[in-house]
Amino acid sequence: MAVYFDHRIEAPSTVGSPSEIAWHHVHPLLAVASIGTNSTPAGSVDVYLEQGEHIPNAHIDRPFQPGLIRWHPSKRILAVGWQTGVVIFWSDHGWDEHQIAGGTHRAEITILEWSNDGTRLLSADKAGVLMVWRVDQHGRVQGAPLGKQDYGKHLVHCIFKPPAPGEDLVQLAKAAVSGDENALDMFNWRKVGKGDAPFKVGLQEGIVCFVTTTDGIVYYVGEKGKSIQVLRTDGPIRKLMYMEEKEILMIVTEALFLSQHRIGPDGTSQELMKVKLSGKTGQTADIIWAERELLITASGETVVRLWDLDRDENYALTLDEHLGFSTGESINCISYCESKGILAAGTSKGQIAMWRRAVVSNIGGSSIQGKDRWKLQAPIDLEGIIIQLKWGSSKNLLSVNSAGTVLILSEQMMSAHFNQQVAAVQVAPNQLSVSFFSSGNHQMLRADIHVKGVYVTKEMVVVWNGKHISVFEQFGPSLRNAGSFPCDSSIVVVHEESIYTVEPNRVQVRTLQGTVKQLLVFSETEGNPCHLQICGNFLAVGTDKAHVKVFDLSRREAKPHSNAKNLAEHIPSFGSITSVKCSFNGNNVSILIKNTSGSPDSKVFFYDVETDTINYFDFEIGKASSENCSVFHLEENEVEKGRSEMRELMGRYPVSQFWDQNEPKLFVCEAAVAASKTRQSNVTAGSESISTEYKVDVMVASFFSTQEHGLLLQDSFPKIESHEALLGLEVPYYYFSKKSGETENDAELMSGTTSVPQVVARRPLRDFVGLEDCDKTTRDAMLNFSLYLTIGDMDEAFKSIKLIKSETVWENMARMCVKTRRLDVARVCLGNMGHARGARALREAAQEPELDARVAMLAIQLGMLEDAERLYRNCKRFDLLTKFYQASGQWQKAIENAETFDRVHLRTTYYNYAKHLEALGDQHLALSHYEKSDTHRFEVPRMLLEDLQALEVYVNKTKDRSLWKWWAQYLESQADMDSALKYYEKSQDYLSLVRVHCYLGNIQKASEIANETGNQAASYHLARQYEARDDVKQAIHFYTRAQAYNNAIRLCKESGFDDHLMNLSLLSSPEDMMEAARYYEEKGVQMDRAVMLYHKSGHFSKAVELAFATQQFGALQLIAEELDENSDPALLSRCSDFFIEHSQFEKAVELLVTAKKYHEALQLCLEQNLTITEDMAEKMTVSKDSTGLSDDFRRELLERIADCCLRQGNYHLATKKYTQAGNKAKAMRALLKSGDTEKIVFFTGVSRQREIYIMAANYLQSLDWRRDPEIMKNIISFYTKGRSLDLLAGFYDACAQVEVDEYQNYEKALGALTEAYKCLTKAKMRNQGEQEERLEQLQNKLTTVKKFVQVRRLYEEDPKEALKQCQILLEESDLDQAVRSGDVYALLVEHHAQQGNYEVAYKYMEEMAAKLPSGNVGFYINQQVTEAIYKAVGAPLKIIGVQRARHSSGEDGGEVEEEVAEEPYNDPED
């Protein structure tokens, strides 16, 4: 809580009435323009400091009035525009009238604005002359104006367009020089990302602004003063604003019209919106733009109007008379402080109203909207009408122009202190409320200074303001001033008759009159004392250099109790100390600090004086520095114990701290939510944070601190809304200061909370509710019990209280068990209390799996409803929470909880609430909730049965068929048949309609209804009526419509309606079909119907038997079509015999197969030459999983099927069946017969059997393998895989012969023969002699071919030698077995022909013709060569046989070579 100190400005005596005030944006400098009070128009301007002190060289007066005063955005420079057009500047050096030459402006200055960066100054006058001035780095205007524009009209408003985002290079450089690491990094290219510039400089050139004239024209003004008219409004402009994020210009006119415009770079304008603002027109409206989204206006009304442009909502803030505002008090002016979020408004009655804007936390639930975000504070009373308010400077000071003077208001946190059963709380700048709890006395203390601090003891009150100290002593029922003295100490503490103050490097011990009687000196290393605190007889001192020291004050002079401890050496990221407190015995010192970033640290540090160690507890993660003083560990076993307090305390930081003033082990602190941090970091995976929707802002946590057990959580609870801050702890109470104007709500106050009048409230500790006035023995016993219970030492806990017989004590202990989750202890407490109902409820709750749910039941029995609610939420037992709300009468919460979290029980909740409302007599609301619970069809008629008129209205209103039907039944019971029929018809209850019509004798109408609707129940009822009237046909008709076929069949049989009987039987069940079939069979007529009905009912044997007996072959065929493998085998055999007799062999085969008589079916197929289809073969194939037949039988059957398929030429099916039978050889033979080469190759590859490989290779040799390389490749592969190398050798031999015969390619033939020789060498033939003989033949053949190949090669080098070798070859007797002699002769003939020896060539041709049996010389020698030879010798040309085209080895032969490249033809000798 804060108060505002008002300082009146120390204006010179010659100064007139203030007309304008202006704060500097940064420095605490206030400029005040004043006008003369006499008839002479004179004026002055003065500058004041934050407490109203006048700056000596800051006064200037002129015989004319000042118009505008504007501060430089960063420098201590003030520009003042006067009525005569003069612009004068003030700085720390005084006034300067020559920066802008006189006569530059010749009319009153109406615009005087600095640019946002302070590099430009824009001035304009009433005559319409506008000038733009350059400003240097010292803030001085430089030379002539950059630009000048004469508009010829009165200029009134100006606003600069913000520059492009970037850094101010000058400011950045200054920061870098001063050592700012971030600024240095901006200049360091190596510390920025790749591709990024180290800094971005905002545009210093091209600064533009908007100016307006009195007739509503808006101009866009450039750097040099050149302007463009961008828009024109309907009237004079009141306010000009610019929305930076969206780059939108906003204008408010005098008529309170708001318009938004987007201005293009070329000056074009686009109107986005135009609306009329609420408020009084014709009066001067104060309009401000705040938070970049809020437009706030005050126009002399009793309200302040706000429009949130971001959320598009508007609302008004009003004054509250309960806080001290007057009725009809109007608001004249407003000002908003963004850093504090405070809107200040000055009223016509001399009061300042302040609304504080709520901060929307990132951790809380749904954000607050609209006017609820603004909290009205208590008013500040001043004198006179307030005409102007201004927030300003970095210290957020508020200046007020009121009643001919100016006041400066500075916010000061209210001082408060509690000690030795005395509490003092500041309520005004010089007024305190003092409460003496021991005596119950309460007093208001008024000091003669503005109080900035207070310290109390049981005998005196000491106040100070940083310059003066006043001491007040208790004198009877009042306080009197016992003395005062000047002292510059900002910190003061008191012990007995001594006052402790601080000055550099020492603490002064003074008497009550201010005399220094002792100095506690600190070294330069230890620093200056900045924190003092006394508890008991010990003084704790904290310095600005992170040292802590404790002094013992129990003697005449203060003596050191500990050495100075340097915290910075033990605490990383240490910034500064914010609070130091010591325990009652001086052995423990707790410290709160700020980290290096300046934000509050989440840890509380504890310095143990005896062991000289430092430990801490971190609220952020709920964990202490070491295991021996750990409070919480986020492990599943701890969570199961229900220690949900740790989840409540996590994510916070300590705000204040206190030790109990008599108990050295008891410590308490306030912990606030760390809104700027998320809860996700540093939390172990096993934890589950509490729902943020219910997280309170401030928690109060008390701890036991012992050397043996460390820090133990004793209690925690949320600070209630009406409490401002924790003042201290002294068993049995916590002490709180109360908020101004707040009163505690009964709902907010926890059980046992009491308050002292005015500003202090106290709350008993959890263990002392009901024991506030207990004696010291009981108090110590309860504290020991609480300590041991927290530790878990139950034996010591009971020892400490075994002598206490008070039921209140046991009740308090039971309440303590709710916090500690000790249900075993709670059972003992309930037993000692005699609380039988609670013990039973606790025993029944033991079945709940969650510990928190069981503890919540204990809390309910003890009346701790808020704790129960919190526990149910913690364990997420929303079903039990719903029941709890219902049982406690919180029906709205119950419904909200069920709607959000417990939808399973939502309808039940609605129903229970409706029953509750009905019991209260609120039938209208009960009816609504019965409907929501979907029980209104029964409950509402029951509830309204006594009010038939209301019930009828409800029934007609709901239009529910169930209710219409119920109402019709009720009317029928009242014999109102006509009305009943009407509601039966509305409800579409056709059975009831037919029933009532039949009752009334309108059977014809009933028939029409039954026929039109087709309702089965109605038709059945009507059929019963017709049957009772012996109208059989109508009865049969309606029984049929009702699908009651058995009744219709019964009537047909009784009445002889055989034709109807057949149709009805077919529609009915198999049982009815059987009965009808027996009926026809017994009558002996229409036996075909009997057979059909037996068939349709599933009795095939009976149907077949009757069909045979009556020779109904057509029916028998129909029956046979539906027989399957599940039918009787005898029946299937009988039917097949029947079809064989009648030559329907295919049908007979199907039945035999179905009957699993496969051999008979196959025999019939062979005898009758029936084609076995694939489907039939599959049916005859017995699966491997069949248990009735052996594997041998299955294989035999499959082979027989395959044999039949083979005989019928279905080779593929035969192959498939042979394969299924496992006889792959036969399968291959069948496949070979099919001639399907592709399938043969595939089957060979998957079979992987030697015999099959050979069979496939032999088959492929029968194909044209010479022209298909793929076939040749498969032949070689299959012979190789079949390990039949002798056959492969034969194949290579054949290949060699083909090369010779077809292509004359002896080189390839040589390679093939070589491969054949290799294969035959590796082969293992049964006849070894035959193998050797074949090898010898191959060797001879290979040798001969090789010789001829060598001859052909030699011919290229030595033709003569080659010809000799040819002659030798021709002499060999077995030449033709390997080399064709014609090829040798051809070589000789062609050589001699080329040499011109045609006679010799002719001789060889004749010899060749004689030697070759066929005489086909043309096959070997080219026709042209032959003709040339015969022509040369003059011999007649003989008829030569048809010449075969000679193939070059580059054609098809090349393909073969490619395929056999895997096993190339090589010379055996190579």
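Please read these numbers as outputs of a predicted model, since none were measured by experiment. (Residues numbered from 1 in each chain as written. Predicted model: local features only at pLDDT ≥ 70, side-chain atom pairs only at ≥ 80, totals over all residues. Heavy atoms only, no water.)

*Asks:* Quick question: what am I supposed to make of the overall build of the protein chain here?
*Replies:* Along the backbone of the protein chain there are 47 helices and 63 strands. Each of the 1470 residues in the protein chain was classed as buried or not, and the buried ones make up 50%. Nonlocal contacts in the protein chain, meaning residues at least 24 apart in sequence, comprise 47% of its contacts between residues at least 6 apart. When the accessible area of the protein chain is evaluated, it comes to approximately 69900 Å², of which 47% is carbon and sulfur surface. (Helix = DSSP H or I, 4+ residues; strand = E, 2+ residues; numbered from the N terminus. Buried < 20%, exposed > 50% of the residue type's maximum accessible area, 1.4 Å probe, protein only. Contact = heavy atoms within 4.5 Å. Areas by Shrake-Rupley, 256 points an atom, 1.4 Å probe, with all protein chains shown as cover.)

*Asks:* I tried to follow the pairing of strand 22 (residues 286-290) on my own but got confused; where do I start?
*Replies:* Examined bridge by bridge, strand 22 and strand 23 (residues 294-298) share 5 bridges and lie antiparallel to one another. Paired with Asp-286 across the two strands is Ala-298, which belongs to strand 23. Counting the residues that bridge the hairpin from strand 22 to strand 23 gives 3 residues, and of these Glu-291 lies at a positive phi of roughly 55 degrees. (Pairing = 2+ DSSP bridges.)

*Asks:* Please explain empty space enclosed by the protein as it appears in this structure.
*Replies:* Vacant regions in the atomic arrangement are exposed by a probe of water-molecule size rolled over the atoms. Applying the stated criterion across every chain yields a total of 3 cavities of 30 Å³ or more. In this structure, the largest cavity occupies an estimated 60 Å³ of space. Lining the largest cavity, in full, are Arg-120, Leu-121, Leu-122, Val-132, Phe-160, Ile-207, Val-208, Cys-209, Val-221, Gly-222 and Glu-223. Ranked by residues supplied to the lining of the largest cavity, first place goes to strand 11 (residues 120-125) with 3 residues. Tallied by class, residues from the lining of the largest cavity come to 8 nonpolar, 1 polar and 2 charged. (1 Å grid on protein atoms, 1.4 Å probe; cavity = no way out; pocket = protein on both sides within 12 Å on 5 of 7 lines; lining within 4 Å. Points joined across faces, edges and corners; volume = space filled by probe spheres on them. Nonpolar A, V, L, I, M, F, W, Y, C, P; charged D, E, K, R; others polar.)

*Asks:* Where do I start with the nonpolar core in this structure?
*Replies:* Considering soluble globular proteins, one finds that nonpolar side chains tend to be buried as a cluster. Ranked by size, the top nonpolar core spans 80 residues in total, and within it Met-1228, Trp-1265, Phe-1291, Val-1345, Val-1379 and Ile-1421 carry the most contacts. Tallying contributions element by element places helix 40 (residues 1285-1303) first for this core, with 9 residues. What Val-1379 contacts, discounting residues up to four positions off in sequence, is Tyr-1306, Thr-1344, Val-1345, Phe-1348 and Val-1384. (Core = buried A, V, L, I, M, F, W, Y, C linked by side-chain atoms within 4.5 Å.)

*Asks:* Before we go on, may I ask you to explain the environment of Met-354 in this structure?
*Replies:* Along the polypeptide, Met-354 turns up in strand 28 (residues 351-357). Those residues in contact with Met-354 that sit more than four places away from it in its chain are Tyr-4, Ile-342, Leu-343, Ala-344, Lys-375, Leu-376, Gln-377, Ile-380, Trp-391 and Leu-398.

*Asks:* Is there a simple way to explain the sheet that holds strand 2 (residues 17-23) in this structure?
*Replies:* Within a sheet, each strand pairs with its neighbour through backbone hydrogen bonds, oriented either parallel or antiparallel. In spatial order, the strands read 2-3-4-5; together these 4 strands make up an open sheet with antiparallel pairing. Each having just a single partner strand, strand 2 and strand 5 (54-62) make up the two edges of the open sheet. This sheet shows a mean twist of 20 degrees between the axes of neighbouring strands, independent of strand direction. The pairing of strand 4 (residues 43-48) with strand 5 spans 5 bridges and is antiparallel. Counterpart to Val-45 in the pairing with strand 5 is Ile-60. (Axes fitted to C-alpha atoms, helices over the stretch in contact; angles between N-to-C directions.)

*Asks:* Please clarify how a nonpolar patch on the surface should be interpreted in this entry.
*Replies:* A cluster of nonpolar side chains, namely Val-516, Leu-519 and Val-521, defines an oily patch on the protein surface of about 240 Å² accessible area. For Val-516, the position within the fold is in strand 45 (residues 516-521). Note on Val-516: relative accessible area 38%, which makes it partly exposed. (Patch = residues over 30% accessible without salt bridge, like charges linked within 9 Å, V, L, I, M, F, W, Y side chains within 5 Å. Salt bridge = Lys/Arg side-chain N within 4 Å of Asp/Glu carboxyl O.)

*Asks:* Sorry if this is basic, but what is going on with the pattern of salt bridges here?
*Replies:* Opposite charge on two side chains permits pairing when their charged atoms draw close. Within the structure shown, the criterion is met by 37 salt bridges. A salt bridge links Glu-293 to Arg-357; the shortest N-O distance between them is 3.0 Å. Placement of the pair is Glu-293 in the loop between strand 22 and strand 23 and Arg-357 in strand 28, with a sequence separation of 64 residues. When its relative accessible area of 15% is taken as the criterion, Glu-293 is described as buried. By relative accessible area, which is 11% here, Arg-357 ends up buried. A salt bridge links Arg-822 to Asp-824; the shortest N-O distance between them is 3.0 Å. On the basis of relative accessible area, Asp-824 is assigned to the partly exposed category, the value being 38%. Among the charged side chains, a network of salt bridges with common partners joins Glu-291, Glu-293, Asp-308, Arg-311 and Arg-357.

*Asks:* In this structure, what is going on with the confidence of the model for the protein chain? I would like to understand it.
*Replies:* Should pLDDT be low for a region, the predicted coordinates there are not to be read in detail. Looking at the protein chain as a whole, the pLDDT averages 79, with 80% of positions reaching at least 70. Across residues 189-205, where pLDDT falls below 50, the model places 30 contacts with residues more than four positions away in sequence or in other chains. Counted against residues more than four places away or in other chains, residues 361-366, with its pLDDT under 50, gives 12 contacts. (pLDDT = per-residue confidence, 0-100.)

*Asks:* Help me understand helix 38 (residues 1250-1261) in this model?
*Replies:* Residues lying three or four places apart along an α-helix face the same way, a consequence of the helix completing one turn every 3.6 residues. In this model, helix 38 (12 residues) spans 17 Å end to end at C-alpha, consistent with the 16 Å of a helix rising 1.5 Å per residue. Within helix 38 the residues assigned to the buried category are Ile-1252, Tyr-1253, Ile-1254, Met-1255, Ala-1256, Ala-1257, Tyr-1259 and Leu-1260. Buried-residue contacts for helix 38 involve helix 36 (1224-1234), helix 37 (1237-1247), helix 39 (1269-1281) and helix 40. (Expected span 1.5 Å × (residues − 1).)

*Asks:* What's the story with the environment of Phe-884 in this structure? I'm lost.
*Replies:* Its place among the elements puts Phe-884 in helix 12 (residues 878-887). Exposure remark for Phe-884: the relative accessible area of 5% places this residue in the buried category. Sequence-wise, Phe-884 and Ala-894 are 10 residues apart; in three dimensions their C-alpha atoms are separated by 7.9 Å. With residues near it in sequence (within four places) discarded, Phe-884 still touches Ile-860, Leu-865, Ala-868, Glu-869, Tyr-872 and Gln-890.

*Asks:* Looking at this model, I keep getting lost on the sheet that holds strand 9 (residues 94-96). Mind explaining?
*Replies:* In spatial order, the strands read 6-7-8-9; together these 4 strands make up an open sheet with antiparallel pairing. Whereas interior strands pair on both sides, the edge strands pair on one side only; in this sheet they are strand 6 (66-71) and strand 9. Ignoring strand direction, the axes of neighbouring strands in this sheet form an average angle of 25 degrees.

*Asks:* When you look at the packing of helix 21 (residues 1003-1013) against helix 23 (residues 1032-1041) in this model, what are you seeing that I'm missing?
*Replies:* Any two packed helices are characterised by how steeply their axes cross, that is the angle between the axes, and by the distance between the axes. Their axes nearest at 11 Å, the elements helix 21 and helix 23 cross at an angle of 35 degrees. Considering how the two elements wind past one another, helix 21 and helix 23 form a crossing that is left-handed. Judged by residue contacts, Ser-1007, Ala-1010 and Asn-1011 of helix 21 engage His-1037, Phe-1038 and Arg-1041 from helix 23. Partitioning the contact of helix 21 with helix 23 into residue classes produces 2 nonpolar, 3 polar and 1 charged. (Left-handed = near helix turned anticlockwise from the far one by under 90°.)

*Asks:* Help me understand the packing of aromatic side chains in this model?
*Replies:* Each aromatic ring pair is described using two quantities: the centre-to-centre distance and the angle formed by the ring planes. Following the criterion strictly, the structure yields 31 aromatic pairs and no others. Judged by centre distance (6.3 Å) and plane angle (90 degrees), the ring pair of Phe-606 and Trp-659 falls under edge-to-face. Taken together, the residues span a long stretch of sequence, with Phe-606 in strand 53 (residues 603-608) and Trp-659 in strand 56 (residues 652-659) at a distance of 53 residues. The class for Phe-606 is buried, based on a relative accessible area of 9%. Looking at Trp-659, the relative accessible area reads 4%, which means it is buried. When the ring of Trp-966 is compared with that of Tyr-970, the centres are 5.9 Å apart and the planes differ by 5 degrees; the resulting orientation is stacked. On the criterion of helical spacing, the pair formed by Trp-966 and Tyr-970 is a turn pair, its members being 4 residues apart in helix 18 (residues 961-973). The exposure class of Trp-966 is partly exposed, given its relative accessible area of 27%. Taken together through their ring pairs, the aromatic side chains of Phe-606, Phe-617, Phe-619, Trp-659, Phe-667 and Phe-703 make up a single cluster. Here the basic side chain of Lys-549 rests over the ring of Phe-522, its NZ or CZ set 5.7 Å away from the ring centre. (Phe/Tyr/Trp six-rings, centres within 6.5 Å; stacked < 30°, edge-to-face > 60°. Lys NZ or Arg CZ within 6 Å of the ring centre and 35° of its normal.)

*Asks:* Teacher, can you tell me more about the pairing of strand 6 here?
*Replies:* A regular strand carries its side chains on alternate faces of the sheet. Bridge analysis of strand 6 against strand 7 (residues 78-82) gives 5 bridges, and the strand direction is antiparallel. For Arg-70, the partnering residue across the bridge sits in strand 7 and is Ala-79. Hairpin connection between strand 6 and strand 7: a loop of 6 residues separates the two successive antiparallel strands.

*Asks:* I tried to follow the packing of helix 18 against helix 19 (residues 977-986) on my own but got confused; where do I start?
*Replies:* Here helix 18 crosses helix 19 at 165 degrees, and the two axes come no closer than 8 Å. Classed by the angle they form, the pair helix 18 and helix 19 counts as roughly antiparallel. Relative to helix 19, the crossing made by helix 18 is left-handed. Contacts between helix 18 and helix 19 involve Arg-961, Trp-964, Lys-965, Trp-967, Ala-968, Gln-969, Leu-971 and Glu-972 from the former and Met-977, Ser-979, Ala-980, Tyr-983, Tyr-984 and Lys-986 from the latter. The residue inventory of the contact of helix 18 with helix 19, partitioned by class, reads 8 nonpolar, 2 polar and 4 charged. (Parallel < 35°, antiparallel > 145°, perpendicular 65-115°, else oblique.)

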